[in-house]
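Read off the chains here:
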Amino acid sequence: MTSTDQAPDARALPVPDHDVAIIGGGFSGIGAAILLDKAGFSDYVVLEDGDGIGGAWHWNTYPGVAVDIPSFSYQFSFEQTARWSRLYAPGAELKAYAEHCVDKYDVRRRIRLRSRVVAATFDDVAHLWRLDLADGTAITARFVVGATGVLTQPNLPDIPGVADFAGTTMHTARWDHGVDLTGKRVAIIGTGASSVQAVPNIAAVASSLTVFQRTPIWCLPKPDAPMPAPVRALLGAVPGAKRVGRLVSQTYVEVTFPLAAHFYGVVPLAAGGEALGRAYLKRAVRDPEVRAKLTPDYALGCKRPSFSNDYLPAFNRENVHLETGGIAEITPDAVVTRDGTRHEIDVLVLATGFKVFERGNMPTYDVVGAGGVSLDEFWGAQRFQAYHGVSVPGFPNLFSILGPYGYNGSSYFNLIETQTAHVVRALKHARHRGATRVEVTPEANTRFWERMLSRRPRQVFFQGRCGSANSYYFDEHGDVPFRPSPTLETMWDARRYPLGDYRFDAPGTVVAPPTLVAAGAE
């Protein structure tokens, strides 16, 4: 990549509407905004598609929705609270926490709701991004931080007749609270994390509930308990108590996924988890045939596990039926299984998760970088990859919170703070250099990518025990774009990566698009 010797006059270049545009008003966007502000980058705008903030906690309001890691880990390290009503807080409290954060840190006035980004295009000459919105307007920004997350677009099942059902249909991520399930015949398709939380609550009021399972989920006991007011007061009053609680919680989270999954071939933590899961299943479900159907035949960690004290026992209820025969079609009044059985229902609940590592979801808008290169086409041809999960060569001034190989399976809040620390470090150096164009080098990206691939042999995903998991962790290339690193390593890297891994260009510099190598070819 070389600069041309006919660079335009920097004084004539357009001034962007904002220094930074953050796309997404969930916790990723909120955290990035707060930390950018703390670092002196206060000229930002947060663009949010929805009519409220909170991301997943704004959209997901189904019965029983709650965090699936302890609440002490599901919060910002700089804004810890002891106000959770339970060790695993219900969704409404996470939504309230988001509202609290945007007010306390003065983010709300810089959020634009109902502002869906449909396209982002980089201007090679002006060193800025043009963001086209669904309402036909556009804004420009020097830098863009993608904070849309991946659990945002509901994944609708490809089942014949699903659109023809005459009763009420709703996805768990778009719950209709105007529908009363009391006394209704309900079917729920899917047994992932949202189903695990919703099933016990639906079963308690429905006349019948049929759970259609394709793949059983590893369900482990949930170390949950109420946090009475005196306990909350004590945690808030004793110096250091919240930090100790967070440390214990973070250690628990680290052991249950990052260490167990990424060091599966080194540390036998998953084997112990599987034994615990089988023992819990045997204790919780009375019918041996139902228990056998609920028993996974893939390794713990191949897909997202769940924690619940109510899901498995729900199958002991007389009004709950587990169906594993496979769905042939959905008619206007029933779900028909492959053996011809008709399950007549009033309400159809789709607990079918989200689009994750799919085209058009990472990100949810078209991105065109230097030289007119499409990010979607780049990833489609060269597999998902990003330097530390943050930057992609050929896409200057664009950073991601949840890019490929960014998330290691720990708390999302740790991810948000770690990735934003990476971004802030790059932007501070750019400001120091007077640079308006920041781009990771292809060589640095390739080096990081190959380091990630070299760690595969010890990960659970590549041990040959995930074939039946039907896990959304795997993308179209057979990769699992999680970062195979312990959390402390990700934190260290975010604050110590070589600044020479980026190039920083002054205003007016015109840079030839990089020659992107097919990194990581195996």
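Since the structure is predicted, the reported quantities are computational estimates derived from the model, not experimental observations. (Residues numbered from 1 in each chain as written. Predicted model: local features only at pLDDT ≥ 70, side-chain atom pairs only at ≥ 80, totals over all residues. Heavy atoms only, no water.)

Peer 1: How do you make sense of helix α6 (residues 241–262) when you look at a structure like this?
Peer 2: Spacing of three or four residues puts side chains on the same side of an α-helix, whose turn is 3.6 residues. The end-to-end C-alpha distance of α6 is 30 Å, a good match for the 32 Å that 22 residues give at a rise of 1.5 Å each. By the largest-angle criterion, Glu254 marks the main kink of α6, which is about 40 degrees, and a proline, Pro258, follows within four residues. Of all the residues in α6, the buried ones are Ala241, Gly245, Arg246, Ser249, Gln250, Val253, Glu254, Phe257, Pro258, Ala260, Ala261 and His262. Buried residues along α6 sit in contact with α5 (229–237), α7 (269–284), α10 (412–433) and α12 (487–496). (Helix = DSSP H or I, 4+ residues; strand = E, 2+ residues; numbered from the N terminus. Expected span 1.5 Å × (residues − 1). Bend = angle between axes of the 7 residues up to and from the residue. Buried < 20%, exposed > 50% of the residue type's maximum accessible area, 1.4 Å probe, protein only. Contact = heavy atoms within 4.5 Å.)

Peer 1: For this particular structure, what's the right way to read the sheet that holds strand β15 (residues 342–344)?
Peer 2: Strand pairing in a sheet relies on backbone hydrogen bonds. The paired strands run either parallel or antiparallel. The antiparallel open sheet is built from three strands, whose spatial order is β13-β14-β15. Each edge of the open sheet carries a strand with a single partner, namely β13 (327–330) and β15. Neighbour to neighbour, the strand axes of the sheet diverge by 25 degrees on average, direction disregarded. For β13 and strand β14 (residues 334–337), the ladder comprises three bridges, and the chain directions are antiparallel. Considered in β14, the bridge of Ile327 is made with Thr337. (Pairing = 2+ DSSP bridges. Axes fitted to C-alpha atoms, helices over the stretch in contact; angles between N-to-C directions.)

Peer 1: Please clarify how the packing of helix α1 (residues 27–38) against α10 should be interpreted in this entry.
Peer 2: Think of two packed helices as two axes; the pair is described by the angle between the axes and how far apart they sit. Packing of α1 against α10 leaves a shortest axis separation of 9 Å and a crossing angle of 40 degrees. It follows from the interaxial angle that α1 and α10 lie oblique. For the pair α1 and α10, the sense of crossing is right-handed. Contacts between α1 and α10 pair Phe27, Ser28, Gly31, Ala32, Leu35 and Leu36 from the former with Phe413, Ile416, Glu417, Thr420, Val424 and Leu427 from the latter. (Parallel < 35°, antiparallel > 145°, perpendicular 65-115°, else oblique. Left-handed = near helix turned anticlockwise from the far one by under 90°.)

Peer 1: I tried to follow the side chain of His422 on my own but got confused; where do I start?
Peer 2: Within the secondary structure, His422 is located in helix α10. Under the relative-accessibility criterion, His422 is labelled buried at 1%.

Peer 1: Help me understand the state of the cysteines, please; the structure alone is not making it clear to me.
Peer 2: Formally, a disulfide is one covalent bond, and it connects the sulfur atom of one cysteine to the sulfur atom of another. Evaluated as defined, the whole model comprises one disulfide. Bridging Cys302 to Cys466, the disulfide has an S-S length of 2.0 Å. Taking the torsion about the sulfur-sulfur bond, which here is approximately -80 degrees, the covalent link between Cys302 and Cys466 counts as left-handed. Taken together, the residues Cys302 in the loop between α8 (288–293) and β11 (306–307) and Cys466 in the loop between α11 (442–454) and α12 connect sequence positions 164 residues apart. Both residues of the pair, Cys302 and Cys466, belong to the buried class. Residue Cys219 stays outside any disulfide, its sulfur separated by 17 Å from that of Cys302, the closest cysteine. Judged by relative accessible area, which is 4%, Cys219 ranks as buried. (Disulfide = S-S within 2.5 Å.)

Peer 1: Got a minute to help me understand the sheet that holds strand β9 (residues 208–212) in this structure?
Peer 2: One open sheet holds the five strands; their spatial order is β7-β16-β8-β9-β12, and the pairing between them is parallel. Of all the strands in the sheet, just β7 (168–171) and β12 (320–323) have a single pairing partner and so form its edges. Adjacent strand axes in the sheet meet at a mean angle of 20 degrees, parallel and antiparallel pairs treated alike. Strand direction decides the pairing type here: strand β8 (residues 185–189) and strand β16 (residues 347–350), joined by four bridges, are parallel. Across the sheet, Ala187 pairs through a bridge with Leu348, a residue of β16. Packing against the sheet, helix α4 (residues 193–203) makes contact with β8, β9 and β12, and its axis sits at approximately 170 degrees to β8.

Peer 1: How should I be thinking about a nonpolar patch on the surface in this particular structure?
Peer 2: On the surface, a cluster of nonpolar side chains totalling about 280 Å² of accessible area is made up of Val255, Val266, Val267 and Leu269. Within the secondary structure layout, Leu269 lies in helix α7. (Patch = residues over 30% accessible without salt bridge, like charges linked within 9 Å, V, L, I, M, F, W, Y side chains within 5 Å. Areas by Shrake-Rupley, 256 points an atom, 1.4 Å probe, with all protein chains shown as cover. Salt bridge = Lys/Arg side-chain N within 4 Å of Asp/Glu carboxyl O.)

Peer 1: Would you take a moment to explain unusual backbone geometry for this structure?
Peer 2: With the exception of glycine, the majority of residues adopt a negative phi angle, and the majority of peptide bonds are in the trans configuration. Within the chain, Arg114 stands out as a residue other than glycine whose phi angle is a positive 55 degrees. Its place among the elements puts Arg114 in the loop between β3 (111–112) and β4 (117–123). In this structure Arg114 comes out as exposed when scored by relative accessible area, which is 60%. Here the phi dihedral of Asn397 falls at roughly 60 degrees; this positive angle occurs in a residue that is not glycine. With respect to the element layout, Asn397 can be found in the loop between α9 (375–382) and β18 (398–400).

Peer 1: Help me understand α4, please; the structure alone is not making it clear to me.
Peer 2: Most of α4 sits out of view: ten of its eleven residues are buried. Turning to α4, its buried residues number three or more, namely Ala193, Ser194, Ser195, Val196, Gln197, Ala198, Val199, Pro200, Ile202 and Ala203. Looking at the buried positions of α4, the neighbouring elements they touch are β8, β9, β11 and β12.

Peer 1: How should I be thinking about the packing of aromatic side chains in this particular structure?
Peer 2: The relative placement of two aromatic rings is captured by the distance of their centres and the angle of their planes. Inspection of every chain in the model, using the stated rule, returns 34 aromatic pairs. For the pair Phe257 and Phe482, a centre-to-centre distance of 6.1 Å together with 55 degrees between the ring planes defines the contact as tilted. Taken together, the residues Phe257 in helix α6 and Phe482 in the loop between α11 and α12 connect sequence positions 225 residues apart. The class of Phe257 is buried, set by a relative accessible area of 9%. Given the relative accessible area of 7%, Phe482 is considered buried. One aromatic cluster in this structure is built from Phe27, Trp57, Tyr74, Phe76, Phe78, Trp84, Tyr97, Tyr105 and Phe413. Above the ring of Trp59, the side-chain terminus of Arg174 is found at 4.1 Å from the ring centroid. Taking the ring centre of Phe41 as reference, the NZ or CZ of Arg431 above it sits at 4.0 Å. (Phe/Tyr/Trp six-rings, centres within 6.5 Å; stacked < 30°, edge-to-face > 60°. Lys NZ or Arg CZ within 6 Å of the ring centre and 35° of its normal.)

Peer 1: Mind showing me how you'd approach the pattern of salt bridges here?
Peer 2: Any two side chains of opposite charge can pair, on the condition that their charged atoms come close. Under the counting rule described, the total for this entry stands at 27 salt bridges. Asp505 is the salt-bridge partner of Arg437, the closest N and O atoms lying 3.6 Å from each other. Note that Arg437 is positioned in strand β19 (residues 437–440) and Asp505 in strand β20 (residues 502–505), a separation of 68 residues in sequence. Judged by relative accessible area, which is 7%, Asp505 ranks as buried. A network of salt bridges, in which partner residues are shared, links Arg185, Asp333, Arg342, Glu344 and Asp346.

Peer 1: What's the story with the pairing of β9 in this structure? I'm lost.
Peer 2: In terms of burial, β9 is largely enclosed, as four of its five residues are buried. Strand direction decides the pairing type here: β8 and β9, joined by five bridges, are parallel. Paired with Ala187 across the two strands is Thr210, which belongs to β9. Chirality of the crossover, the property in question, places the unit of β8, α4 and β9 among those that are right-handed. (Right-handed = clockwise from strand over helix to strand, strands pointing away.)

On their own, these measurements won't tell you what the molecule is for.
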